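A closer look at the structure
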Amino acid sequence: METSLPDSPTKTGSLWKGKAKDVTSAQDEFGDLNPIITYRHLLSQNLGVRDPLRVVALCDSDAFYAACEMVRLGVDKDTPLVVLQWDSIIAVNYPARKYGISRMDKKMDALKRCPHLKIVHVATYREGETEPGYWDEVDTNTHKVSLDYYRRESLKIAAMFREMLPGCEVEKASIDEAFIDFTKPVREIILQRYPHLAQPPPDAPFGVETALPPPPPIVWDGKGAVIPVNSPPSEDSSITDGQISSSSDEPGRAEPLDKDVVSTWHDVALSIGAELMTNARDAVHTTLGYSTSAGIARNKFLAKLTASYRKPNGQSILRNASIPNYLRPMPFQKIRFLGGKLGRAFAEEYDAATVGDLLSITLDEMQTKFGESSIWVYEILRGLDRSEVKDKGSTLNKSMLASKNLPKPITNVQEGYRWIRVLAAELALRLNDARNMSPNLWPKTLVLHARKGYESSRSKQAPFPYTREVTVDIIAAAGDKLWKELVGTSTQMNVTNVQLSFTGIDFAEAGQKTIEGFFKPTSKRQRDSAELTDFNTQAEVGQPESSAGDAKEDSATDIIVSHTCTRCKKTLSLNLELSRFKDSEEQKTAIAALIMEHDDWHFAQDLVREEIPIRPIQPSASTSHKKTPKTKKRRKDPVGIERFFDRK
Ligand code: TTP
Ligand code: CA
Ligand code: CA
C-alpha cells in the first residue's frame, strides 16, 4: 500500500532506482540521490521503504558491557574498566582504550598497560545458586556466564527510546543497538513548521504532483557530524567491522559544511530526525547513564555504517549527496555479508578492493556470474536497502535457550545433573523476567540437547506443565528426567555442550494441565513424542531468544536465515546474532550445518525408531553426509551466490 492519493503519473516507482531525469553519474551509480519531492510525497502516510523523506537511525551503546558495569558499580566516568569473560576481555571502556587496551588483549597485558585498570568478570551462575552473581573466583569448569544484567539494561534503553520517540518505529537490533524509523514524526514536524506545505498552492501546475518549493536553509549546528559531500573521509579514518570509524576524538563536532551543495527536503528531514535522536540519546544518558552513538541516513544499511563515524557519544548524519564519496573508498569486504568467500570471489573475479571498484559491474554481469540473488550485492554497493524497521518488541519470544560449552566434558551421569541445574537456574530467571511483563506465559515444552564437539546433538523433549511458579527445582526436575532418558543405560559419555530450552512459549489459558499431572509417569504416547528430536526443534516455534551462554553465544540479531525442508516443509531458521561474533562465512556454515543436521534427522528417523544412545557418537554432520546410503536424496548442487555458503 503506497498511499491513499491517486497514483502519480511521475516516476515514483523509480525513485530509488536511479532513473531520474537529470541524473549525474553519481546518481546513476547510487540511485536517485535527489529525487523530486512533491506535495503528494509529503502528504502521503504510507510510502514505506520507498519514501523519499525516509529517515532511519541506528543507535549503538558505547562500550556496552563495560558501561553496564560502570553503572552497576557507580564508578567514575574516567575510570578505565574492562569486562572479562574467563580470560578474554570482551568490553573495554573508552578511558581504558586511551591506554591502548583492546578487546584482543590478554588480561595481564592490559594490566601492564594500565596498572590501575578495573577488571570486572561478567556475572556467572555458580553451581547450587539460583541467581547469577559476581564471585571472587570464577571457573569455566564450574560456572556459567550470565548476560542477564546486560539484557535487562538493554531492554531499558529500548523502552526509553520507545517512550521518548512516540510515532517512531524502534527495532532492537542486538544487545546494544536499535534501529529507529523517524519518518512519521519527521513528516508531522515538517508540516507543523512549514504549514504552507499542507496543500499545494492554487496555482500549482500539477496539483499534489507539484514539486515542493526549495527548502529553507538548514542549521546543522548541534545536530551531529554531517559527513562531507565533497571530500572523502579523511585518511586517518579506518574501517572496522564494516563501518567507517574516524580517529577524531572530537565526537559530535559538525564537519565544515559543503557550501556549494544545495540542501534538499530530505536534508531537512534528516536534520529533524537528528534533533529527535539527540533528545532521546540525552534522556538515555541522564536517566540510565549510558552514552550512545547514532548514525542517521535514508536506510538501515547506511544508518549502521554512519553510526561509527563519530564514537563515543557521537551522532553522525549521512546526507544523500554524501553517499557516493562515503561509500566509494570503502573496502567492500568489510561490509557485513561481503566478508568471507563471497567477498573474496568478487575481489578475484573483478580484481576489486573497494566499493568504487565494483560500481562499473552491471547488474546483468553480476547476475550472470553470481546468480539472480546477487542483486542485493549490487544494491548494497550503491547504498540501497529496502529493509524495514520493524518493532519486534511486542511479539512474543517463542523460545528461550540456556547453553553451556563444557571445556571439561561431562563424562558421567551425575555431572549432567549438576549442569542441568545451572541451566535450569538461567531458564527460571529468564522466564520469570518475561512473566513480569506477561504473567501467564507458558513454555509448553522443555528440550534438552547434548552434543560432542561439532557433531550433531542428541535431544529429548517433554511437555512442560503450566505452573504459576516456575522455580529452578521444577525445571531441574524436568530436565533431569530428560537427561535420564537421553543417557539411557550408558554409564560413560563425552558431552561438550549441553543446552536446555523452553519452546512453544505462549499465553496460558484456563484449564491447563497442572504440575501434578506432569510428575505422573509419562504415558507411552508422551514417551513417543519425546523421542529423538533434532537440533532444530526451535525452528518450529520461531526465533530462539538466544542463550546468554558463554563462548560468545549471547544476544540478539534479528536477521534470520531460513530454509524450508522439502520433505517435511518445516522451516529451519538460524538466529544470526549468534554469529555477530563470527564472520559471514561462519553464518553460512551454521545454516548449512542446520540443514544438514535436519536432513540427518530425517535419515535417522527413517532408520531408527528407537532412542539413539548417547554413545557411540554419531558421525559428524559432514561425514555422516558422505556415508549416506544411496537411498537418501542427494542435496542439489548449489547455484549462483549459494556456492559461496559453506556446507560443512
Ligand atoms: P559492540 O557494540 O561491538 O562493542 P562495544 O559496545 O563494547 O564498544 P563500541 O563502543 O565500540 O560499540 O558490542 C557490544 C557488546 O557485546 C560489548 O560491550 C561486549 C559484547 N561483545 C562480546 O561479548 N564479544 C565480542 O566479540 C563483541 C564484538 C562484543
Ligand atoms: Ca556498542
Ligand atoms: Ca553493537
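Going by the annotation in an unreviewed UniProt entry, the name recorded for the protein is DNA polymerase eta, with Coprinopsis marcescibilis given as the source organism. The heading Subcellular location (unreviewed entry) in the UniProt record of the protein holds the text "Nucleus".

**Some points on the coordination of the calcium ion (ligand 3)**
The calcium ion (ligand 3) binds to the protein through D60 (OD), D176 (OD), D176 (OD) and E177 (OE); the donor distances cover 2.2 to 3.2 Å. All donors of the calcium ion (ligand 3) come from a single chain, and their spacing in sequence reads D-x115-D-E. Residue D60 is classed as buried on the basis of its relative accessible area, which comes to 12%.

**Notes on the coordination of the calcium ion (ligand 2)**
Within the first shell, the calcium ion (ligand 2) binds the protein through D60 (OD), D60 (OD), S61 (O) and D176 (OD), at distances of 2.2 to 3.1 Å. Each donor residue of the calcium ion (ligand 2) lies on one chain, and together they are spaced D-S-x114-D.

**Overview of the site of ligand 1**
In the vicinity of ligand 1 lie 15 residues, with A63, F64, Y94, R103 and D176 positioned nearest. Contact between ligand 1 and F64: an oxygen atom at 2.9 Å from a main-chain N or O atom of the residue. Within the side chain of R103, an N or O atom sits 2.9 Å from an oxygen atom of ligand 1. Contact with the protein chains covers 85% of the free accessible surface of ligand 1, which is 560 Å². Taken together, the elements giving at least two residues each to the shell around ligand 1 come down to β1 (56–61), α3 (64–73), β3 (88–92) and α4 (94–97). Class assignment of the residues belonging to the shell around ligand 1 gives a composition of 7 nonpolar, 1 polar and 7 charged.

**Quick word on the nonpolar core**
Ranked by internal contacts, the top residues of the largest apolar core, which has 60 residues, are Y150, F161, F182, I190 and M277. Among the elements that take part in this core, helix α8 (residues 265–288) stands out by supplying 12 residues, more than any other. With near-sequence residues (within four places) excluded, Y150 lies in contact with F64, Y65, C68, E69, V83, V122 and I175. Grouped together as the second largest cluster of nonpolar side chains are 38 residues, L429, L431, I474 and V498 included.

**Section: the pattern of salt bridges**
Scanning all chains against the criterion turns up 29 salt bridges. Between R187 and D51 there is a salt bridge, and its shortest N-O distance comes to 2.7 Å. One end of the pair, R187, is in helix α7 (residues 183–193); the other, D51, is in the loop between α2 (39–43) and β1, and 136 residues separate them in sequence. Here the two residues R187 and D51 agree in accessibility, since each one is buried. The residue E127 makes a salt bridge to R418 at a minimum N-O spacing of 2.9 Å.

**So, the packing of aromatic side chains**
The description of an aromatic ring pair rests on the distance of the ring centres and on the angle between the ring planes. Scanning the entire structure with this criterion turns up 12 aromatic pairs. Consider the rings of F64 and Y290, whose centres lie 5.8 Å apart with planes at 55 degrees: the pair is tilted. Of this pair, F64 sits in helix α3 while Y290 sits in the loop between α8 and β12 (292–297), and the two are 226 residues apart along the sequence. Note on accessibility: F64 and Y290 belong to one class, buried. For the pair Y350 and F370, a centre-to-centre distance of 6.1 Å together with 50 degrees between the ring planes defines the contact as tilted. Of this pair, Y350 sits in helix α11 (residues 340–350) while F370 sits in helix α13 (residues 363–370), placing them 20 residues apart in sequence. Owing to a relative accessible area of 16%, Y350 belongs among the buried residues under this scheme. A relative accessible area of 2% means that F370 is categorised as buried. Three or more aromatic residues link up through ring pairs in this structure, and these residues are F64, Y65, Y149, Y150 and Y290. Against the face of Y378 rests R382, its NZ or CZ located 3.6 Å from the ring centre.

**Concerning the sheet that holds β1**
The sheet built from 6 strands is open, its strands ordered β7-β8-β1-β12-β13-β9 with mixed pairing. For this open sheet the edge positions go to β7 (169–174) and β9 (225–226), each flanked by a neighbour on one side alone. Sheet contacts for helix α9 (residues 300–307): β1, β7, β8 (177–181), β12 and β13 (315–317); angle to β12, the most-contacted strand, approximately 140 degrees.

Cut-offs and rules
- Residues numbered from 1 in each chain as written.
- Chains lettered and ligands numbered in written order.
- Predicted model: local features only at pLDDT ≥ 70, side-chain atom pairs only at ≥ 80, totals over all residues.
- Heavy atoms only, no water.
- UniProt positions renumbered as here; feature names shortened; annotations may be inferred.
- Donors = N, O, S within 2.8 Å, 3.2 Å for Na, K, Ca; no water.
- Buried < 20%, exposed > 50% of the residue type's maximum accessible area, 1.4 Å probe, protein only.
- Near = heavy atom within 4 Å.
- Polar contact = N/O pair within 3.5 Å; in protein donor to acceptor, adjacent residues only side chain to side chain.
- Areas by Shrake-Rupley, 256 points an atom, 1.4 Å probe, with all protein chains shown as cover.
- Helix = DSSP H or I, 4+ residues; strand = E, 2+ residues; numbered from the N terminus.
- Nonpolar A, V, L, I, M, F, W, Y, C, P; charged D, E, K, R; others polar.
- Core = buried A, V, L, I, M, F, W, Y, C linked by side-chain atoms within 4.5 Å.
- Contact = heavy atoms within 4.5 Å.
- Salt bridge = Lys/Arg side-chain N within 4 Å of Asp/Glu carboxyl O.
- Phe/Tyr/Trp six-rings, centres within 6.5 Å; stacked < 30°, edge-to-face > 60°.
- Lys NZ or Arg CZ within 6 Å of the ring centre and 35° of its normal.
- Pairing = 2+ DSSP bridges.
- Axes fitted to C-alpha atoms, helices over the stretch in contact; angles between N-to-C directions.

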